[in-house]
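# Report on the structure
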Amino acid sequence: MYQFVTGPLAWVAFTVFFVGIIVRIVLYIRGLDWQLDRVAYRPHLKYGIKGALRSIFFWLVPFGTQSWRYYKGMTILVFVFHIGLIFTPIFLKGHNIILEERWGFSFPTISERTADLMTIAVIISGFILLLRRIAFPEVRILTTAYDVLIWAIAMAPFITGFVAYHQMGGNYQFWLILHILSGEIMLMAIPFTKLSHFILFFMSRMQLGMDFGIKRGGMKNKGFAW
Amino acid sequence: MPEGILCNKIPCKTKEMLNALLSDKSGKQYYNEMNHLQINTEALAATIKKTLKSRMKTWLEICAHCGMCADSCFLYLANNKDPKQVPSYKIQSTLGEIVRRKGDVDNAFMQMCMDTAWSKCTCCNRCGSFCPFGIDMGVMFGYLRGLCFSQGFVPWELKIGSGMHRIFHAQMDVTTEDWVETCEWMAEEYEEDWPGLKIPVDVQNADIMYTVNAREPKHYPEDLAEAAILFHIAGENWTVPSEGWEETSLAMFAGDWEACKIQVNTVYDAMRRLKPKRMVVTECGHAYRATVIEGPYWAGLKDGKTPVPSFHYVEWVAEALRTGKLKIDPSKKIKEPVTYQDSCNYIRNAGLADCAREIMSYIAEDFREMTPCREHNFCCGGGGGFNGLGRYREQRNIGLKIKRDQILATEAKLVIAPCHNCWDAIRDLEEIFKVGIRWSFLKPLLLKMVVVPEHLKPPEE
Ligand code: SF4
Ligand code: SF4
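Residues numbered from 1 in each chain as written. Chains lettered and ligands numbered in written order. Predicted model: local features only at pLDDT ≥ 70, side-chain atom pairs only at ≥ 80, totals over all residues. Heavy atoms only, no water.

## What to know about the overall build of chain B
What chain B contains, in helices and strands, is 21 helices and 8 strands. Relative to the globule expectation of 23 Å for 461 residues, the C-alpha radius of gyration of chain B, 22 Å, shows essentially globular dimensions. For the C-alpha atoms alone, the extent of chain B along its principal axes is close to 75 × 45 × 40 Å. In chain B, which comprises 461 residues, the proportion classed as buried is 64%. Taking as baseline every contact in chain B between residues at least 6 positions apart, the subset at least 24 positions apart corresponds to 80%. Across chain B, the 56 positively charged side chains and the 61 negatively charged ones have centroids separated by 7 Å. (Helix = DSSP H or I, 4+ residues; strand = E, 2+ residues; numbered from the N terminus. Rg over C-alpha atoms; globule rule 2.2 N^0.38 Å. Buried < 20%, exposed > 50% of the residue type's maximum accessible area, 1.4 Å probe, protein only. Contact = heavy atoms within 4.5 Å. Lys, Arg positive; Asp, Glu negative; His and termini not counted. Charge placed at Lys NZ, Arg CZ, Asp CG, Glu CD.)

## Remarks on the sheet that holds strand E8 (residues 438–440) of chain B
Residue and element names in this part refer to chain B. The strand order across the open sheet formed by 4 strands is E6-E5-E7-E8, and the pairing between neighbours is parallel. This sheet does not close on itself; its edge strands, each paired only once, are strand E6 (364–368) and E8. Strand-to-strand, the axes of this sheet are offset by a mean angle of 35°, without reference to chain direction. Of the strand pairs in this sheet, strand E5 (residues 334–340) and E6 are connected by 4 bridges, and their pairing is parallel. What sits directly across from threonine 339, in E6, is arginine 368. (Pairing = 2+ DSSP bridges. Axes fitted to C-alpha atoms, helices over the stretch in contact; angles between N-to-C directions.)

## Notes on the interface of chain B and chain A
Each partner contributes to the interface: chain B provides 58 residues, whereas chain A provides 55 residues. Carbon and sulfur atoms supply 56% of the area that chain B and chain A bury against each other, a total of about 4,600 Å² over both sides. Contact with chain A buries surface across chain B, with Arg55, His65 and Tyr297 of chain B losing the most and accounting together for 16% of the total. For the pair chain B and chain A, the number of links is 9 salt bridges. As a salt-bridge pair, glutamate 61 of chain B and arginine 24 of chain A come within 2.9 Å of each other at their nearest N and O atoms. At the surface where chain B touches chain A, the tally comes to 36 residue pairs in polar contact (both at pLDDT 80 or more). Residue assignment for the side of chain B that touches chain A shows that the elements contributing at least two residues are helix H3 (41–51), helix H4 (54–62), helix H6 (87–100), helix H15 (285–298) and strand E4 (310–312) of chain B. Looking at which element gives the most residues to the side of chain B that touches chain A, the answer is H4 of chain B, with 6 residues. (Buried area = accessible area lost by both parts, 1.4 Å probe. Salt bridge = Lys/Arg side-chain N within 4 Å of Asp/Glu carboxyl O. Polar contact = N/O pair within 3.5 Å; in protein donor to acceptor, adjacent residues only side chain to side chain.)

## Let's talk about the site of ligand 2
Near ligand 2 you find Cys73, Phe74, Pro87, Lys90, Cys121, Thr122, Cys123, Cys124, Asn125, Cys127 and Gly138 of chain B, and these make up its full shell. Here the residues of the shell around ligand 2 are counted per class, giving 7 nonpolar, 3 polar and 1 charged. (Near = heavy atom within 4 Å. Nonpolar A, V, L, I, M, F, W, Y, C, P; charged D, E, K, R; others polar.)

## Remarks on the site of ligand 1
In the vicinity of ligand 1 there are 14 residues, among which Cys63, Ala64, Cys66, Cys69 and Cys131 of chain B approach most closely. The environment of ligand 1 is shared, with nearby residues belonging to chains A and B. Residues belonging to the shell around ligand 1 are distributed by class as follows: 11 nonpolar, 3 polar and no charged.

## A short note on the packing of helix H2 (residues 8–30) of chain A against helix H11 (residues 172–189) of chain A
Residues and elements named next belong to chain A. Contact pair H2 / H11: the axes reach a minimum separation of 8 Å and the direction vectors enclose 25°. On the basis of their axis angle, the class for H2 and H11 is roughly parallel. By crossing handedness, the relation of H2 to H11 is classed as left-handed. Judged by residue contacts, Leu9, Ala10, Val12, Ala13, Phe14, Val16 and Phe17 of H2 engage Leu181, Glu184, Leu187 and Met188 from H11. Residue classes in the contact of H2 with H11 are distributed as 10 nonpolar, no polar and 1 charged. (Parallel < 35°, antiparallel > 145°, perpendicular 65-115°, else oblique. Left-handed = near helix turned anticlockwise from the far one by under 90°.)

## Some remarks on the nonpolar core
Counting residues in each nonpolar core, the largest one holds 219 residues, and the members touching the most others are Tyr210, Trp316 and Ile363 of chain B. Discounting residues that sit within four places of it in the chain, tryptophan 316 of chain B has contacts with Ile208, Leu230, Phe231, Ala234, Glu236, Arg278, Val280 and Leu326 of chain B. By size, the runner-up hydrophobic cluster in this structure holds 5 residues, among which are Val5, Leu9, Leu176 and Ile180 of chain A. (Core = buried A, V, L, I, M, F, W, Y, C linked by side-chain atoms within 4.5 Å.)

## Examining helix H9 (residues 156–168) of chain B
All names here are of chain B. The terminal C-alpha atoms of H9 lie 18 Å apart, and with 13 residues this matches the ideal 18 Å at 1.5 Å per residue to within 8%. Burial analysis of H9 places 11 of its 13 residues in the buried class, the great majority of the element. For H9, the set of buried residues is Trp156, Leu158, Lys159, Ile160, Gly161, Ser162, Gly163, Met164, His165, Arg166 and Phe168. The inward-facing, buried residues of H9 abut helix H1 (15–23), helix H2 (28–34), helix H7 (107–119), helix H8 (137–150), helix H13 (250–254) and helix H14 (257–274). Taken from the residues just after H9, histidine 169 is the one with a positive phi, measuring 55°. (Expected span 1.5 Å × (residues − 1).)

## So, the environment of leucine 326 of chain B
Residues and elements named next belong to chain B. In this fold, leucine 326 is placed in the loop between helix H16 (313–323) and E5. Note on leucine 326: relative accessible area 2%, which makes it buried. For the pair leucine 326 and methionine 17, spaced 309 residues apart in sequence, the C-alpha separation works out to 47 Å. In this structure, leucine 326 is in contact with Leu230, Ile233, Ala234, Trp316, Ala320, Leu321 and Val450, ignoring residues within four places of it in sequence.

## Comments concerning the pairing of E5 of chain B
Pairing analysis gives 3 bridges linking E5 of chain B to strand E7 (residues 414–416) of chain B, with the strands arranged parallel. From the neighbouring strand, valine 338 of chain B faces E7 of chain B, where its bridge partner is leucine 414 of chain B.

## A closer look at the domain arrangement of chain B
In many analyses, interface size is given as the accessible surface area lost on bringing the parts together. All names here are of chain B. Looking at the assigned domains, one finds that chain B contains domain 1 (39–154), domain 2 (168–322) and domain 3 (327–449). Here the C-alpha centre of domain 3 lies 22 Å away from the C-alpha centre of domain 2. Counting from both sides, the interface comprises 28 residues of domain 2 and, opposite them, 28 residues of domain 3. Taking both sides of the interface into account, the surface hidden between domain 2 and domain 3 amounts to around 2,500 Å²; carbon and sulfur atoms contribute 65%. Considering only the side of domain 2, the residues that lose the most area to domain 3 are Glu283, Val314 and Leu321, jointly responsible for 28% of the buried surface there. Seen at the junction of domain 2 and domain 3, the total is 4 salt bridges. Of the charged contacts, one joins arginine 322 and glutamate 358 as a salt bridge, the two residues approaching to 2.6 Å between their closest N and O atoms. Taken together, the links from domain 2 to domain 3 amount to 11 residue pairs in polar contact (both at pLDDT 80 or more). Sorting the residues of the side of domain 2 that touches domain 3 by element identifies helix H11 (215–219), helix H12 (221–234), H15 and H16 as the ones contributing at least two each. The leading source of residues in the side of domain 2 that touches domain 3 is H16, at 7 residues. Residues belonging to the side of domain 2 that touches domain 3 are distributed by class as follows: 15 nonpolar, 5 polar and 8 charged. (Domains from an automatic or database assignment.)

## Examining the packing of helix H6 (residues 72–91) of chain A against helix H8 (residues 112–135) of chain A
Residues and elements named next belong to chain A. Packing of H6 against H8 leaves a shortest axis separation of 8 Å and a crossing angle of 135°. With respect to H8, the element H6 is oriented oblique. The interaxial crossing formed by H6 with H8 has left-handed handedness. Residues Met74, Leu77, Val80, Phe81, Ile83, Gly84, Leu85, Phe87 and Thr88 of H6 touch H8, and the partners they reach there are Ala115, Met118, Thr119, Ala121, Val122, Ser125, Gly126, Ile128, Leu129 and Arg132. Broken down by class, the residue content of the contact of H6 with H8 amounts to 13 nonpolar, 5 polar and 1 charged.

Okay, here's the thing in structure tokens:
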């Protein structure tokens with residue numbers, strides 16, 4: 001089983017993930033329409049790129065936009081959650097050992113202690129994000145079962161990973177395999193679900209950035225004050 | 001009765017139809033007929049398939065339902081944070097549903113969409129700047145309005161409004177003759193005080209082609225005279241076109257894209273005919289948005305630009321003050337605290353915040369910013385057609401609270417509002433809440449403080 005989930009299934013998961021996000025990027029860009037979107041993308045590409053980069057950059061910086069500054073608590077939650085979610089698995093020692101073994105390359109790694117703390121941060125911020133959905137009427141009204149499912153898909157690898165690492169669940173092998181499986185499910189879910197915001201965040205921000213950079217003022221001023 | 005006599009899927013294209021609509025007082029019969037209007041679900045599905053592309057599809061799909069757009073919406077705030085006013089909820093429960101059901105919706109649903117699109121969103125686009133994904137509900141509500149319009153679900157006043165554009169090429173029944181006569185009348189009226197004052201019609205190759213909002217010739221012709229006097233003082237070589245002088249677009253508020261195109265093309269034709277160096281439009285926000293920002297796309301101009309470079313009035317004023325074409329008498333600057341209403345249409349959605357500040361630095365001694373301001377300012381409360389819709393009067397009035405409180409917090413009693421919609425909204429909020437404020441366009445204020453060169457003064461008697 002271990003061989004299977006870290007072997008062929010891992011191949012499938014990564015292939016689906018990479019091909020999937022490339023397809024999403026291509027489909028997104030092909031679906032842009034200068035007249036329907038009312039943005040002259042091509043003739044003013046330089047202004048567009050500038051607008052796009054600004055629009056992505058400021059939103060990647062914690063408190064970099066008025067909205068991030070307005071919702072301070074949410075901003076901390078969002079950044080802690082996403083930084084942990086993305087970087088912990090990439091730089092985890094255990095993962096990189098397998099990478100090296102199977103595919104012959106690896107990334108620099110973080111200490112196990114750091115990884116552990118980041119995992120805890122993901123789990124805690126994840127639960128607060130979930131509580132927020134229940135506690136605040138303006139978020140509750142938006143929340144659907146699908147949102148909770150997506151949340152669970154994203155959280156599962158961290159919870160199972162944490163349990164396995166600390167040998168909490170008794171059967172280490174069982175939790176480890178569950179962990180690997182849940183990670184692969186998440187990877188494969190990215191192109192097909194709302195988790196596609198992993199890449200579509202950049203696409204969407206790029207588009208709106210181009211909109212402001214080209215049409216809504218960017219050619220007359222310094223750029224939108226995100 | 002699937003199609004009403006007044007309420008139907010056919011845009012108003014004839015004077016007879018227009019008069020029939022106008023004589024139906026406050027749209028009583030019209031809204032009655034709307035209750036029986038049938039939905040052409042195939043047409044709706046086909047339109048969505050053809051026009052809902054990756055941008056909006058992605059917006060609808062990836063919305064994280066995080067609620068970070070909630071507080072950005074003045075209507076959410078003004079309605080005591082009613083969750084049903086959260087921008088994401090408003091669009092997901094309307095456009096989102098139509099898309100999910102592939103156009104298979106009923107009359108009651110479409111009426112709910114109409115009510116939401118016109119009474120719960122002014123298309124101010126503020127939420128778009130709050131959402132981490134850049135999901136712009138204002139843009140999507142504009143799109144939804146188009147879908148509603150195509151099925152005949154549009155507020156009565158806007159069916160009339162877009163009909164006016166189709167018939168008169170103006171938002172009101174102002175004909176070419178009416179317009180040219182008003183220009184002549186105003187020039188004559190003020191010539192005594194301003195020797196040599198002219199409102200030159202259809203002059204080719206002028207430096208500036210000036211265009212207006214039909215309300216000005218129809219109801220406030222002095223505004224036109226004031227513009228003429230300021231151009232006169234500034235020594236501008238300017239003209240107005242006899243046709244293509246109207247920049248506003250109730251058709252845009254209505255979602256009648258075909259009428260939008262007809263309207264902006266009249267202006268673009270005037271530009272091509274008169275070949276001015278540039279175009280300047282009066283103090284109107286949505287006029288600029290329609291004709292300069294969105295219009296080129298309706299008209300299919302691939303570079304997204306008007307045929308000649310186009311400027312909002314505040315850009316011209318800022319430039320005239322900067323270059324000294326207009327000089328302000330320092331002793332006449334506004335001394336009392338004064339604030340400025342940033343119009344969504346030319347500030348947030350066209351980036352002219354700095355021009356406004358530049359003007360204020362010349363004319364005001366105690367300028368107070370609202371909070372928030374500039375790109376992030378709240379809608380006046382009357383944008384997107386909201387001011388003029390009888391069916392939603394009450395909701396409009398509730399929305400005005402936010403602007404009222406913003407203005408009161410500055411402690412200024414004078415609000416400069418170089419936008420017809422903002423101007424109206426602020427006038428109405430004073431009427432309703434009686435908070436003791438005054439409001440003004442720039443032109444009358446400038447005229448009171450501008451230095452008049454000796455040679456332009458009337459001869460002493
Ligand atoms: S802020 Fe954006 S992602 Fe969040 S609920 Fe609003 S529209 Fe959706
Ligand atoms: S565009 Fe403006 S009025 Fe409409 S939902 Fe967004 S913030 Fe509210």
